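# Fold and contact review
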Amino acid sequence: MLKRNEGFSKLTAGYLFPEVSKRRKEYVASHPEAKIISLGIGNTTEPLPEFISKAMSDYAIKLSTKEGYSGYGDDCGNPVLRRKIAEIFYKGVVDGDEVFVADGAKCDISRLQILFGRKVNIAVQDPSYPVYVDGSVIIGATGKNSPNGYKNITYMPCTAENNFFPDLSTVKKNSLIYFCSPNNPTGFASTKEQLKSLVDFANKNGCIIIFDAAYSEFIRDSSLPKSIFEIEGAKTCCIEVNSFSKPAGFTGVRLGWSVVPKDLKFADGSSVNKDWARVQTTLFNCASNIAQAGGLACLEKEGLDSMKSVIDYYLENAAILKETFEGDNFKTHNVEVYYTGKSPYLWIKFPGEKSWDVFDKILDKCNIVTTPGSGFGHSGESFIRISSFAHHEDVREACKRLKNLVL
């Protein structure tokens, strides 16, 4: 019999979000009368802007005609979409052939792990999106080390004490650095000065940064970079992944992209861009043509305006939630609320509590699903993440329940 991939046996536990879903289902099974409000998984809730959904609908209908039918698309994405992403999101700083269309940022991150293989040092923010670590473990890039970590992974604590930006001196030379800004789960967006120090460190130490910009459209402060390619020197050390999931509500449609500069090289001088193109053309047939039609609509003026309105909606939710968690019943227990206004997430600390205990308490007392911070890394213990992806009426109801929560 074939041996099991050892990576699966080294995973510390089930993937965070299915575990949250499992606990929710178990609770509902024993409390069928409960009216659950989900402020946990970062899944969008508002309908797609009609202008964007119509573009996909029209494309799908045309597929039933001889003139409108399309089979396989271009392996790396519709050339027009690639060019427009470069022009609109990157102001021409990158070229269209450096943009690779995908079925979402998470999927691209997993394929990037295939690109770099298992013989690579890894560094991740702590806390951070679980796929950076779990995907690396599955592919075999790490070995089990301790209850709080893995061999070959450097954990970079991002806490209130260091203003949620890590000490880079702990990172090994020639590492693959996963970095997310605005960060999931903390919500903190790094400044130009901070990102310049990150880029300079990577160039000096032979590192490559995988920069996750999936929440960049939540940034409203023009002084903060939305892309790593706003930073001088980034083209020789960075890859960026991004997505239409959050700004356009494409969590189920599945459409994103990666940017791999032609200036980015491996140690032997070979092109990362060319190898990435090989990964995409060999292991992937690109995103659906229908989804890409929606992406093109997103980049029209009406689509861009619609996406901004959707983000504004979620930011309004976040502001309401922040006010609630800063209320007296939380203050008396020294609950600390971290929210920057640049993310859909609130990062909330319950001193002395375990994250899963807080999760269970809020689920039991308020019938609200959150996300335990410990699922994002050791530094997330005692925190929960609150998502603003919800209908306004659900957020208002959740806040009523939370105001009466007895901790």
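Residues numbered from 1 in each chain as written. Predicted model: local features only at pLDDT ≥ 70, side-chain atom pairs only at ≥ 80, totals over all residues. Heavy atoms only, no water.

### A short note on empty space enclosed by the protein
- Enumeration according to the criterion identifies one cavity of 30 Å³ or more in this entry.
- Approximately 30 Å³ is the volume found for the largest cavity.
- Split into classes, the residues belonging to the lining of the largest cavity amount to four nonpolar, three polar and one charged. (1 Å grid on protein atoms, 1.4 Å probe; cavity = no way out; pocket = protein on both sides within 12 Å on 5 of 7 lines; lining within 4 Å. Points joined across faces, edges and corners; volume = space filled by probe spheres on them. Nonpolar A, V, L, I, M, F, W, Y, C, P; charged D, E, K, R; others polar.)

### Concerning the pattern of salt bridges
- Per the stated rule, a full pass over the model turns up 19 salt bridges.
- The salt bridge partner of Asp 200 is Lys 196, with a shortest N-O separation of 2.8 Å. Of this pair, Asp 200 and Lys 196 both sit in helix α7 (residues 192–205), four residues apart, roughly one helical turn.
- In this structure Lys 196 comes out as partly exposed when scored by relative accessible area, which is 29%. (Salt bridge = Lys/Arg side-chain N within 4 Å of Asp/Glu carboxyl O. Helix = DSSP H or I, 4+ residues; strand = E, 2+ residues; numbered from the N terminus. Buried < 20%, exposed > 50% of the residue type's maximum accessible area, 1.4 Å probe, protein only.)

### A closer look at the sheet that holds strand β14 (residues 371–372)
- Taken in spatial order, the four strands of this open sheet run β11-β12-β15-β14, and their pairing is antiparallel. Only two strands of the sheet have a single neighbouring strand rather than two, namely β11 (336–338) and β14.
- Pairing between β11 and strand β12 (residues 345–349): three bridges, direction antiparallel. Within β12, the residue paired with Glu 336 across the bridge is Lys 349. (Pairing = 2+ DSSP bridges.)

### Description of the packing of aromatic side chains
- For the structure shown, the criterion picks out 25 aromatic pairs.
- With centroids separated by 5.9 Å and ring planes inclined at 80°, the aromatic side chains of Tyr 129 and Tyr 132 adopt a geometry described as edge-to-face.
- Note on Tyr 132: relative accessible area 1%, which makes it buried.
- Taking 5.1 Å as the distance between ring centres and 70° as the angle between the ring planes, the aromatic pair formed by Trp 356 and Phe 359 counts as edge-to-face. Of this pair, Trp 356 and Phe 359 both sit in helix α13 (residues 355–366), three residues apart, roughly one helical turn.
- Counting every residue linked through ring pairs, the aromatic cluster contains Phe 17, Phe 164, Phe 188, Tyr 338, Trp 347, Phe 376 and Phe 383.
- Sitting above the plane of the Phe 100 ring, Arg 82 keeps its charged end 5.2 Å from the centroid. (Phe/Tyr/Trp six-rings, centres within 6.5 Å; stacked < 30°, edge-to-face > 60°. Lys NZ or Arg CZ within 6 Å of the ring centre and 35° of its normal.)

### Thoughts on the sheet that holds strand β2 (residues 99–102)
- In space, the seven strands of this open sheet follow the order β2-β10-β9-β8-β7-β3-β6, with mixed pairing throughout. In the strand order of this sheet, the two ends are held by β2 and β6 (153–157), each with one partner. On average, each strand axis in the sheet is inclined to that of its neighbour by 20°, with strand direction left out of account.
- Pairing between β2 and strand β10 (residues 256–259): four bridges, direction antiparallel. (Axes fitted to C-alpha atoms, helices over the stretch in contact; angles between N-to-C directions.)

### Observations concerning helix α14 (residues 392–403)
- End to end, α14 covers 17 Å across 12 residues, agreeing with the expected 16 Å (1.5 Å per residue, within 8%).
- Within α14, burial applies to His 392, Val 395, Ala 398, Cys 399, Arg 401 and Leu 402.
- Packed against the buried residues of α14 are β1 (37–38), α11 (301–325), α12 (328–331), α13 and β13 (368–369). (Expected span 1.5 Å × (residues − 1). Contact = heavy atoms within 4.5 Å.)

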